Amino acid sequence: MGKTITEKIFASHQRDIPSEENMVLDLDVVMCHEITTPIAINDLVERNLDRVFDPDKIKVVIDHVTPSKDSKTALQAKILRDWAFRNSITDFFDIGKNGVCHALFPEKGFVRPGYTIIMGDSHTCTHGAFGAFAAGVGTTDLEVGILKGVCSFRLPQSMKINIEGTLPEGVFAKDVILYIVKELTVNGATNKVMEFWGEVVDAMDMESRMTLCNMAIEAGGTCGVCMPDRVTAEYLWPFIKDQYTTIDAAVAEFETLHSDADADYTDELTFNVSDLIPQATYGFKPDEVKSVVELEGTPVDQVYIGSCTNGRISDLREAAAVLKGKTLAVGVRGILAPATPLVYATAMEEGLIKIFMDAGFCVTNPTCGACLGMSNGVLAKGEVCASTTNRNFNGRMGKGGMVHLMSPRSAAAAGIKGCITDHREL
Amino acid sequence: MKNFSGSVLFLDRSDINTDEIIPAKYLTENSKIDLGPFVLEDLKLEGFDPQRDVAKAQVIVTRNNFGCGSSREHAVWVFEVNDINVVIAEGFARIFRQNMFNCGMLAIELPAPDIDAIFALGTDVAIAVDVENEKLSAAGGGNTLELSLHLNSFDKDLVRAGGWLAYADQKY
């Protein structure tokens, strides 16, 4: 019997087998942000264990509420900042250099095929786009990861998801993953790694693959993963060029990680997306998904473009293509949060920021922002947001608010028209 | 080990998510105890009043995929500081389940018929969990159910150790 990519990564990182059902893995990267890490830091200090297993393997960012909005978030930032300095963690990103963790860390080259990665953040599954095993964990797992460089997992099960056909014009990775989450339900991939295969995935760039893997957790998945290939190698080349003589050599090594043809899967599913049309959520669960045609005319008060799902440069380009020369409908507020400083700077160079501003958008600094209603962009009771984020839970963007998840093009179109619409008709 | 017995709070719905258990706006607290008053604040269930109902309970019995969504361990701590150390469900989201055992608490998975049977005991139900012998008794409405349960040996070790940090600090 062959092995899945996850089984191969587990085997090469095995530290301990504490029971028949569990494995303790050595970690390559432990990522930290200011919401879930400070309580771990305080606990380590109280236990007289204020140290880190390897400062170079810990990557730290303040991203959820930044710049700090009040005394409590200022304290969270300070706890994280002080800890990073006293433990000689050099990859620490504060205002001016910070951005949404799952956009910033890949951009910095911190994610590599075959790596084991944890973070106290459920959307850590994003990094599986690089052929890594990357999982969201709680604060205690994070604390042990910081201290010992290990994390326990139940032995992985994997499902194989083939995405076949050709993605139609105007339909994106976001539409694909919304459709898959709808089909699987919010519990369909619980305790499983979701492997994404097929010609559609092969043709996707890294940003689209990150969007795809980002929402694996919305089906309950432990991690979303794409097989690392030439696209992966080319994205990472500036960071790995000293390790390999050629891109071909990198690709050849990456291919040894690929799941074997006779690997064991709990499920194997095939989706043909050639006829897929833009999708959006309508309820308070991410599997409550309909086409934008079915939701046509649903009024919106706010449009939010950003987040670890869709705040990257390709997302801004798509939204700007819809917005160019147009303005937001009367009464609609638009917020753009470029996910990282590089995304922001690139968008300025390309003239995209001007397009957003001319359309009437407010442009914020890189931050998680409105996505989880912790800092800016919070909805009032009864208000509706067309959002490029990943969660539509009740109260997520503000108590009594409603969030419709969709692609950047669909969100931009909703802003112009004042309601959910099919952007392809604009 | 913590206390794993007491009165039951029934939450009769699947897919209860972490934002319903503890909304994100409270994640700015740097102390577990300060989370306490906000438990299940955004959970809308008919007849359920978190302020009134949580105070009486030490055990939660619910349906499937409990704790889905965010990785926030706050969703476990908010129960811990309200003296609820056991959640019994048909199934859990992976991260929530691990967070429970990492804190030395119990996330017990039972087959749907067993969950149905506990719900059928009525509204005034008490449960006692015997970790070592992997069984529980549920009493209510003049009836008592004795149910067996499976605990993975590693999860049991975490409960005995009082959580993953204590276990890992000793072993690795």
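Please read all numbers here as calculations on a predicted model, not as lab measurements.

(A) The layout of surface pockets, seen in detail. Residue and element names in this part refer to chain B. Here the largest pocket is characterised by a volume of approximately 420 Å³. Lining the largest pocket are 18 residues, and of these Val8, Leu9, Phe10, Asp53 and Thr123 lie nearest its centre. With 5 residues, strand 1 (residues 5–11) is the largest single contributor of residues to the lining of the largest pocket.

(B) Structural detail: the state of the cysteines. All names here are of chain A. Within the structure shown, the criterion is met by 0 disulfides over all chains. In this model cysteine 362 remains outside any disulfide bridge; the closest cysteine sulfur is found in cysteine 385, 13 Å from its own. We classify cysteine 362 as partly exposed; its relative accessible area is 40%. We note that cysteine 385 lacks a disulfide partner, and the nearest cysteine sulfur, in cysteine 371, lies 10.0 Å from it.

(C) Main features of the environment of glutamate 146 of chain B. In this fold, glutamate 146 of chain B is placed in strand 7 (residues 143–148). For glutamate 146 of chain B and lysine 135 of chain B, which are 11 residues apart along the polypeptide, the C-alpha to C-alpha distance reads 7.2 Å.

(D) How the structure looks around the domain arrangement of chain A. Residues and elements named next belong to chain A. Each assigned domain of chain A is listed with its residue range as follows: domain 1 (5–270) and domain 2 (279–425). In this structure, domain 1 and domain 2 have C-alpha centres spaced 25 Å apart. Carbon and sulfur atoms make up 59% of the area that domain 1 and domain 2 hide from each other, which totals about 3,100 Å². The tally of links between domain 1 and domain 2 comes to 1 salt bridge.

(E) Main features of empty space enclosed by the protein. Residue and element names in this part refer to chain A. Inspection of every chain in the model, using the stated rule, returns 3 cavities of 30 Å³ or more. Space inside the largest cavity adds up to approximately 230 Å³. Looking at the largest cavity, it is lined by 23 residues, and the ones nearest its centre are His64, Asp121, His123, Leu372 and Arg396. Contributions of two or more residues to the lining of the largest cavity are made by helix 4 (101–107) and helix 12 (307–310).

(F) Seen up close, the packing of helix 4 (residues 94–102) of chain B against helix 6 (residues 153–161) of chain B. Residues and elements named next belong to chain B. Where helix 4 contacts helix 6, the two axes come as close as 8 Å, and the packing angle between them is 45 degrees. Compared by their axis directions, helix 4 and helix 6 come out oblique. Contacts from Arg97, Gln98, Phe101 and Asn102 of helix 4 reach helix 6 at Phe154, Asp155, Leu158 and Val159. Tallied by class, residues from the contact of helix 4 with helix 6 come to 4 nonpolar, 2 polar and 2 charged.

(G) Molecular detail of the pattern of salt bridges. What the rule picks out here adds up to 36 salt bridges over all chains. The closest approach of N and O atoms between aspartate 26 of chain A and arginine 15 of chain A, which form a salt bridge, is 2.8 Å. Pair noted here: aspartate 26 of chain A is in strand 2 (residues 22–26) and arginine 15 of chain A is in strand 1 (residues 14–19), with a separation of 11 residues, a long-range link. For aspartate 26 of chain A, a relative accessible area of 27% puts it in the partly exposed group. Between aspartate 248 of chain A and arginine 230 of chain A there is a salt bridge, with the nearest N and O atoms lying 2.4 Å from each other. Taken together, the residues aspartate 248 of chain A in helix 10 (residues 247–255) and arginine 230 of chain A in helix 9 (residues 230–240) connect sequence positions 18 residues apart. One network of salt bridges, with partners in common, ties together Lys285 and Asp287 of chain A together with Asp15 of chain B.

(H) Highlighting the sheet that holds strand 1 of chain A. Sheet architecture is open: 3 strands sit in the order 1-2-8 (chain A), paired in antiparallel fashion. Each end of this open sheet is capped by a strand with a single partner; those strands are strand 1 and strand 8 (150–154) of chain A. Ignoring strand direction, the axes of neighbouring strands in this sheet form an average angle of 25 degrees. The pairing of strand 1 of chain A with strand 2 of chain A spans 3 bridges and is classified as antiparallel. Looking across to strand 2 of chain A, one finds that glutamine 14 of chain A is bridged to leucine 25 of chain A. Packing against the sheet, helix 1 (residues 5–12) of chain A makes contact with strand 1, strand 2 and strand 8 of chain A, and its axis sits at approximately 100 degrees to strand 1 of chain A. Of the strands in this sheet, strand 1, strand 2 and strand 8 of chain A are in contact with helix 6 of chain B, which crosses strand 1 of chain A at around 85 degrees.

(I) Region of interest: the sheet that holds strand 12 (residues 267–272) of chain A. Residues and elements named next belong to chain A. Across the sheet, which stays open at both edges, the 4 strands sit in the order 11-10-9-12 with parallel pairing between neighbours. One side of each edge strand has no neighbouring strand; the edge strands of this open sheet are strand 11 (223–226) and strand 12. Averaged over neighbouring strand pairs, the angle between their axes works out to 25 degrees when direction is ignored. As defined by bridge partners, strand 10 (residues 192–197) adjoins strand 11 across 4 bridges and the pair is classed as parallel. In the strand pairing of strand 11, phenylalanine 196 is matched with cysteine 226. The sheet contacts of helix 6 (residues 173–184) involve strand 9 (157–164), strand 10 and strand 12, and relative to strand 9 the element is tilted by about 130 degrees. Together, strand 9, strand 10 and strand 11 form the strand contacts of helix 8 (residues 206–214), whose direction differs from that of strand 11 by roughly 150 degrees.

Reading guide: rules and limits
Residues numbered from 1 in each chain as written. Chains lettered and ligands numbered in written order. Predicted model: local features only at pLDDT ≥ 70, side-chain atom pairs only at ≥ 80, totals over all residues. Heavy atoms only, no water. 1 Å grid on protein atoms, 1.4 Å probe; cavity = no way out; pocket = protein on both sides within 12 Å on 5 of 7 lines; lining within 4 Å. Points joined across faces, edges and corners; volume = space filled by probe spheres on them. Helix = DSSP H or I, 4+ residues; strand = E, 2+ residues; numbered from the N terminus. Disulfide = S-S within 2.5 Å. Buried < 20%, exposed > 50% of the residue type's maximum accessible area, 1.4 Å probe, protein only. Domains from an automatic or database assignment. Buried area = accessible area lost by both parts, 1.4 Å probe. Salt bridge = Lys/Arg side-chain N within 4 Å of Asp/Glu carboxyl O. Axes fitted to C-alpha atoms, helices over the stretch in contact; angles between N-to-C directions. Parallel < 35°, antiparallel > 145°, perpendicular 65-115°, else oblique. Contact = heavy atoms within 4.5 Å. Nonpolar A, V, L, I, M, F, W, Y, C, P; charged D, E, K, R; others polar. Pairing = 2+ DSSP bridges.

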